[in-house]
Structures are given as structure tokens and as C-alpha cells.
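Residue-level structural notes
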Amino acid sequence: MSAKIVKSKKKEIVKVIHGTLLKTNIRAQCASAAPPLGPMLGQRGLNVANFCKDFNKDTSHIVNGAVLPTRISIKPDRSYDIEICSPATSWLLMQAAGITRGKTSKNEIVGKLSVKHIYEIAKVKSKDKVLVGVPLKEICQQIIRTCRIVGIEVQKNDLNPQELKDFLDQRKVTVSAQLKELSDKKAAKMRNDEELTDQCPPGLKRCINVFTVLRNPSILPSWKPSYWTTAYNQYRAMRELFNNDEVAQIVPINHDLSIV
């Protein structure tokens, strides 16, 4: 009896249909084929080199590096129309306040601006098509809300130049300390992970790699059931060799795998 030949059926490739409108932020005079802009344009069939050339030419009169919200309308013949808005509100606020970093805690104040600054920025933003017809007062209120998010304090009176200079000098010291602290924490975490990995038996090092992925809850919905089963079996194997505290120390995850 001849053996049956089972032909594996090829999986159908699902074609992703992108919309005709692409919204993204591009820095003035800095458009290039590098990610993320290049792949986004290439997936929609646009000529990346021509787009970058046109965009950089259209933004040559704007400060180099300014963050520009851009809307790209893609036509069926793969041509496109570019709508370049005024620089992002947060970028304008940080430039006006003379800062490069937003707040890292709830009540932190990273900069100071007066109401006059808000008014001038609102006049710039009012030229965008999406804000045509919007009263200037509402635009100012939107900008003030953005100030709270960034951590900029808005004052009714004019700013004292000397006080502002002292504040910015102090902020430079604070930002340097924050960056150094972040760098030290990252280096310490890497050393700690390496030490904990070396303490484990060789067969369990692969388990640590699996559970390192589990720290990110955003990827869990995309996991297949077989991945969950494998991860849970490895988790039970670790529970048999270590007590709960040691497992939590070696593999700090925030998910209850007993649901598998």
C-alpha cells in the first residue's frame, strides 16, 4: 500500500490595507528613509527618496529639528499631498521655556512661562487648518493644559529675568542628577539580572528569558495557547526547585499564570 502523501496547505498571506491618510510627526529638514518614516512610506507604496526630498525642501525655512505634525494624503496612483502643520505645541512650549526635558513626577515644575508666551504660541497654532475658526481663547486654554502635562508653570505677570535665570540654572543641575540616577539604575539592573541568571541552574536560564518577556503585558494577548502552556509548565518547574520568594526574585512578573 502506497503511503499517502500529505501536502501541507500554504497559509494565505493576509494583505494589510493601509488607509489613504497618514498622520505622523517629522522633524524639519530631517526626513530620511530610516525608521520609522521610511517603512511607513514604503508600506504604502510611496517613493521614499522623493518624499524626503520634497519634505526637506518645504521645511527649509523652519528651524532644523522642529517637530512638525504632518498629514500625508495618498492617492491611488501613489502620488501624495503633504500638509505640514505648525510645530507641535509641546515643542514650542519647551523652546519658549528654554528646557529640553518634561516633568518626571506629578508636582514637578520644569519651566516657567507668562501669559504673553501662551498668546504668541496660540497665534502660531491658529494658522493650522484643523484650528481654523477656533477662537483664540480656546486655543490658549488647550496650550495651558499642555503646559500642565509638560510641567510648565504659567504666570499672569511678566517673568523676572534674574529669577528665571536662577531657576534654569537650578534645573540644569536637577536634570543632570536625574539622568545620572537613571543611568545608574539601568546599569545596576543589568548587573543584577546577570548575577541572578548566573545563580540559576543551566536548564532554568531559558525559563528566565521566557518570563522576561512576560513582564510586558501588552504582548500577552498576541500569545498562542501553546506559548502559555509552555510558560506555565516552566513556571511550575521553577516552583518545585525554589520557594515562592526566590522565584519572585529571579523572575519578577506581574501576571497570574494560574489562569492557563
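These numbers were taken from a predicted model, which means no experiment stands behind them.

**What about the confidence of the model for the protein chain?**
Here the protein chain shows a mean pLDDT of 79. Residues at 70 or above account for 67%. Low confidence marks residues 1-9, where pLDDT is under 50. Its contacts with residues over four positions away, or in another chain, come to zero contacts.

**Side note on helix α3 (residues 89-97)**
Among the residues making up α3, those that are buried are Thr89, Trp91, Leu92, Leu93, Met94 and Ala97. Positive backbone phi, approximately 75°, marks Gly98, located one or two places after α3.

**Examining the nonpolar core**
Ranked by size, the top nonpolar core spans 37 residues in total, and within it Leu41, Phe51, Ile72, Leu93, Ile143 and Ile152 carry the most contacts. Secondary-structure elements contributing two or more residues to this core are β1 (21-27), α1 (37-43), α2 (48-58), β2 (67-74), α3, α4 (115-125) and α5 (136-150). With residues up to four places along the chain from it excluded, the contact list for Ile152 reads Leu93, Met94, Ala97, Ile99, Val110, Gly111, Lys112, Leu113 and Cys147.

**Examining the sheet that holds β2**
Whenever strands of a sheet pair, they do so through backbone hydrogen bonds, lying parallel or antiparallel. What the three strands build is an open sheet, ordered β1-β2-β3; its pairing is antiparallel. A strand with exactly one partner marks an edge of an open sheet, and here the two such strands are β1 and β3 (80-84). Pairwise comparison of adjacent strand axes, ignoring direction, gives a mean angle of 25° for this sheet. Here β1 runs beside β2; their pairing, made up of seven bridges, is antiparallel. From the neighbouring strand, Asn25 faces β2, where its bridge partner is Pro69. Against the sheet, α2 touches β1, β2 and β3, its axis set at about 35° to β3.

**Examining the environment of Val48**
Structurally, the position occupied by Val48 is in helix α2. Sequence separation between Val48 and Leu37 is eleven residues; the distance between their C-alpha atoms is 8.6 Å. Setting aside residues up to four positions removed in sequence, Val48 forms contacts with Ala33, Gly38, Leu41 and Gly42.

**Considerations on the packing of aromatic side chains**
The full count for this structure, using the stated rule, is two aromatic pairs. Judged by centre distance (6.2 Å) and plane angle (15°), the rings of Phe51 and Phe55 are stacked. A residue pair is termed a helical-turn pair when its members lie 3 or 4 positions apart in one helix, as Phe51 and Phe55 do in helix α2 at four residues. Across the pair, Phe55 and Phe51 agree in class, each one buried. In textbook terms, an aromatic cluster arises when at least three aromatic residues are bridged by ring pairs, as seen for Phe51, Phe55 and Tyr80. Positioned over the ring face of Phe167 is Lys112, at 4.9 Å from the centre of the ring.

Conventions and cut-offs
Residues numbered from 1 in each chain as written. Predicted model: local features only at pLDDT ≥ 70, side-chain atom pairs only at ≥ 80, totals over all residues. Heavy atoms only, no water. pLDDT = per-residue confidence, 0-100. Contact = heavy atoms within 4.5 Å. Buried < 20%, exposed > 50% of the residue type's maximum accessible area, 1.4 Å probe, protein only. Helix = DSSP H or I, 4+ residues; strand = E, 2+ residues; numbered from the N terminus. Core = buried A, V, L, I, M, F, W, Y, C linked by side-chain atoms within 4.5 Å. Pairing = 2+ DSSP bridges. Axes fitted to C-alpha atoms, helices over the stretch in contact; angles between N-to-C directions. Phe/Tyr/Trp six-rings, centres within 6.5 Å; stacked < 30°, edge-to-face > 60°. Lys NZ or Arg CZ within 6 Å of the ring centre and 35° of its normal.

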